[in-house]
Amino acid sequence: MRAIHATEPGGPEVLSVVDLPDPEPGAGEVVVDVAAAGINFIDTYRRSGVYPMDFPHVPGSEGAGTLSAVGPGTDGLAVGDRVAWAEAPGSYAERVVVAADATLPVPAGLDLETAAALPLQGMTAHYLATSAFPLQAGHTAVVTAAAGGVGLLLTQLAKARGARVIGTVGSPEKEGLARAAGADEVIRYAELDDMTAELPRIVRELTDGAGVEVVYDGVGKDTFDASLASLRRRGTLVLFGGASGQVPPFDPQRLNAAGSVYVTRPKLGDYTVEREELLWRASEIFDAAASGSLDVQVGARHPLAEAGTAHEALEGRATTGKVLLVPRGLSSASR
């Protein structure tokens, strides 16, 4: 099979196509023919060495496809089943081994490319809106990078729960996407001379001086100070990513000074500990996408050989919606 190797820690140029032996399933495992793999920031952290990894390795952990082999101890799964997954190392490949208890059934009304776009970002948006800070009618939330993969889904889920959404984006095109997803107000941060001072001022003008109950911040270093200053008293900053880099250590007294606010740094794994919870989040997201009540934007599809190009675009914040790697080639409908 063909796969992508990250040969050493570095930039997108370290990604190359290699031929590897076809995988075999062990006990409690299945092999999936990959229809599409999701490209995520965590892949770039692992490729660059921000997160320690063995090299060479096959990047990627998310995708969807069709079962081609099943190992012992996989009751309830059969060759031909359509599944997705959020955590299966080596997903940038034509075939991947997935633990049976990590598979997510794909409903009949959902195509595999859309299913591949949802496990990480869809379930992240779900736990952010329902658990990390459970949104209610009357809440106002700031969603950073509101035209990104998580941002577009989170905006829709927030609106479905009755919240008001203030989105931040970097361009007029992205503003249009955020508004189409339901954002009530959109701030183009690229047009601000001093985002740390101006963004909180605008947020407070939009909230009669109070600030917001929650900021969902997936950008990190570049937006952290502005996000913290946008909160109302006892508000919550949910720092779920670091697209611009990791937030440096800070003095906890800043939380006191900001109005007894809270900061949490969650990850999906801690909100899908039990399989029951994993399936609950996945089924709600998949069913919403299949019914059309959740619009899933796939911003780009790349063949296997363009994995480096896809990483470069993602890190350069030049993407909208979800970015997919299609290992077996782009169909005419995908071009």
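Each remark here, short or long, concerns the structure printed above.
Please read all numbers here as calculations on a predicted model, not as lab measurements.

Undergrad: Just checking my understanding: could you explain the overall build of the chain for this structure?
TA: From N to C terminus, the chain includes ten helices and 15 strands. By principal-axis analysis of the C-alpha atoms, the chain measures approximately 60 × 40 × 40 Å. A burial count over the chain gives 53% of its 335 residues as buried. Long-range contacts, defined as pairs at least 24 residues apart, comprise 67% of the intrachain contacts of the chain with a sequence gap of at least 6. Looking at the chain as shown, the accessible area adds up to about 14,000 Å², and 50% of this sits on carbon and sulfur atoms. Once the 27 positive and 42 negative side-chain charges of the chain are each reduced to a mean point, those two points are 6 Å apart.

Undergrad: What should I look at first to understand the pairing of strand β15 (residues 322-326) in this one?
TA: On a regular strand, each side chain points to the face opposite its neighbour's, so the side chains alternate between the two faces of the sheet. Within β15, five of the five residues are buried, which leaves the element mostly enclosed by the surrounding structure. Pairing of strand β3 (residues 29-39) with β15 involves three bridges; the strand directions are antiparallel. In the sheet register, Ala37 faces β15, and the bridge partner there is Leu325. Bridge count for strand β14 (residues 298-303) against β15 is five bridges, and the pairing is parallel.

Undergrad: What is the right way to read the packing of aromatic side chains from this model?
TA: Here a ring pair, both rings aromatic, is described through the centre-centre distance and the interplanar angle of the planes. Tallied over the full model, the rule gives four aromatic pairs. The structure contains a cluster of three or more aromatic residues connected by ring pairs, namely Phe41, Tyr45 and Tyr51.

Undergrad: Sorry if this is basic, but what is going on with the sheet that holds strand β10 (residues 185-188) here?
TA: Strand-to-strand pairing in sheets goes through backbone hydrogen bonds, with the strands running parallel or antiparallel. Taken together, six strands build an open sheet; the order of strands is β10-β9-β8-β11-β12-β13 and the sheet is parallel. Two strands in the sheet have a free side with no partner beyond their single neighbour: β10 and β13 (262-264). The sheet shows a mean angle of 15° between the axes of neighbouring strands, direction not considered. Here strand β11 (residues 212-217) runs beside strand β12 (residues 231-239); their pairing, made up of five bridges, is parallel. Counterpart to Asp217 in the pairing with β12 is Leu239.

Undergrad: Looking at this structure, I do not really get the pattern of salt bridges. What am I missing?
TA: It is possible for side chains bearing opposite charge to pair when their charged atoms get close. Within the structure shown, the criterion is met by 19 salt bridges. One salt bridge connects Glu175 with Arg179, and the closest N-O pair in it is separated by 2.9 Å. Residue Glu175 and its partner Arg179 are located together in helix α5 (residues 172-180), separated by four residues, close to a single helical turn. In this structure Glu175 comes out as buried when scored by relative accessible area, which is 14%.

Analysis parameters
- Residues numbered from 1 in each chain as written.
- Predicted model: local features only at pLDDT ≥ 70, side-chain atom pairs only at ≥ 80, totals over all residues.
- Heavy atoms only, no water.
- Helix = DSSP H or I, 4+ residues; strand = E, 2+ residues; numbered from the N terminus.
- Buried < 20%, exposed > 50% of the residue type's maximum accessible area, 1.4 Å probe, protein only.
- Contact = heavy atoms within 4.5 Å.
- Areas by Shrake-Rupley, 256 points an atom, 1.4 Å probe, with all protein chains shown as cover.
- Lys, Arg positive; Asp, Glu negative; His and termini not counted.
- Charge placed at Lys NZ, Arg CZ, Asp CG, Glu CD.
- Pairing = 2+ DSSP bridges.
- Phe/Tyr/Trp six-rings, centres within 6.5 Å; stacked < 30°, edge-to-face > 60°.
- Axes fitted to C-alpha atoms, helices over the stretch in contact; angles between N-to-C directions.
- Salt bridge = Lys/Arg side-chain N within 4 Å of Asp/Glu carboxyl O.

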